[in-house]
Amino acid sequence: MADHPEPRGGPQDADAPAGPNDASADAGDTSADAVTHAVLAASRLLVAVSARSLAAVEEHAGERVTLPQYRLLAVLAAHGDAKLVEVADRLGVNPSTAMRMLDRLIAAGLASRQSNPDNRRVTMLRLTPAGRELVEEVTAARHREIAAIVGRLTPAQRTALVRALTAFTEAGGERTVRGEDTEPYPLGWSDTHAGHGPRARHGP
């Protein structure tokens, strides 16, 4: 039922040993190319962690929930009830794509359509209790696995990592807020970001 084919465990090479072209091959290389390779390697690991976190709790849906579908649930969890066009815009997809994902999530009991009490002609999308529970459990599972990885670093490595990631995030134009674990686009699952990337095109 996937909207886009995706491997269950994330990218295949996420946990592969470092090769000669990996940034880890020369930790002293600070060239832009070496840093880029290091960031890409870390991003593969983070996406794999996210995929594993979702796979570990997806039985609550009674069927597989794909990463794009989970992103839709996470957007509703972060922003509350919304119209279809708003959800599609935040995800950077067309409304028709968002509608297909939503139909599957409604069938799984994770989301619902409700009439707007202020305008009965407007339909609002919202999480069901089961959908909110899924988002919370995936977020908690992801947090636990990343915390376990961080726990294997020395204090000096943690300090350096916080500084490097903060600098990288700020250089990319994003704000850093401590404790923001409910980001609707977790771990690079979206190529667009509300207010930053190309916006989805909607019909008239």
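Residues numbered from 1 in each chain as written. Predicted model: local features only at pLDDT ≥ 70, side-chain atom pairs only at ≥ 80, totals over all residues. Heavy atoms only, no water.

## Details of helix H1 (residues 32–57)
Next, step 1: In this model, H1 (26 residues) spans 38 Å end to end at C-alpha, consistent with the 38 Å of a helix rising 1.5 Å per residue.
Next, step 2: Among the residues making up H1, those that are buried are Ala34, Val47, Ala48, Val49, Ser50, Ala51, Ser53, Leu54 and Val57.
Next, step 3: As for H1, its buried residues are in contact with helix H2 (67–79) and helix H5 (129–151). (Helix = DSSP H or I, 4+ residues; strand = E, 2+ residues; numbered from the N terminus. Expected span 1.5 Å × (residues − 1). Buried < 20%, exposed > 50% of the residue type's maximum accessible area, 1.4 Å probe, protein only. Contact = heavy atoms within 4.5 Å.)

## Here's the deal with the environment of Val138
Next, step 1: Relative to the assigned elements, Val138 resides in helix H5.
Next, step 2: Residue Val138 is classed as buried on the basis of its relative accessible area of 1%.
Next, step 3: Each C-alpha atom, one on Val138 and one on Arg52, is 9.1 Å from the other, the two residues being 86 residues apart in sequence.
Next, step 4: Discounting residues that sit within four places of it in the chain, Val138 has contacts with Ser53, Leu54, Val57 and Tyr70.

## Describing the pattern of salt bridges
Next, step 1: Applying the stated criterion across every chain yields a total of three salt bridges.
Next, step 2: Salt-bridge contacts for Arg126 lead to Asp81; the nearest nitrogen and oxygen are separated by 2.7 Å. Pair noted here: Arg126 is in strand E2 (residues 119–127) and Asp81 is in the loop between H2 and helix H3 (84–91), with a separation of 45 residues, a long-range link.
Next, step 3: Arg113 is the salt-bridge partner of Asp103, the closest N and O atoms lying 2.5 Å from each other. One end of the pair, Asp103, is in helix H4 (residues 95–107); the other, Arg113, is in strand E1 (residues 111–116), with ten residues separating them in the sequence. (Salt bridge = Lys/Arg side-chain N within 4 Å of Asp/Glu carboxyl O.)

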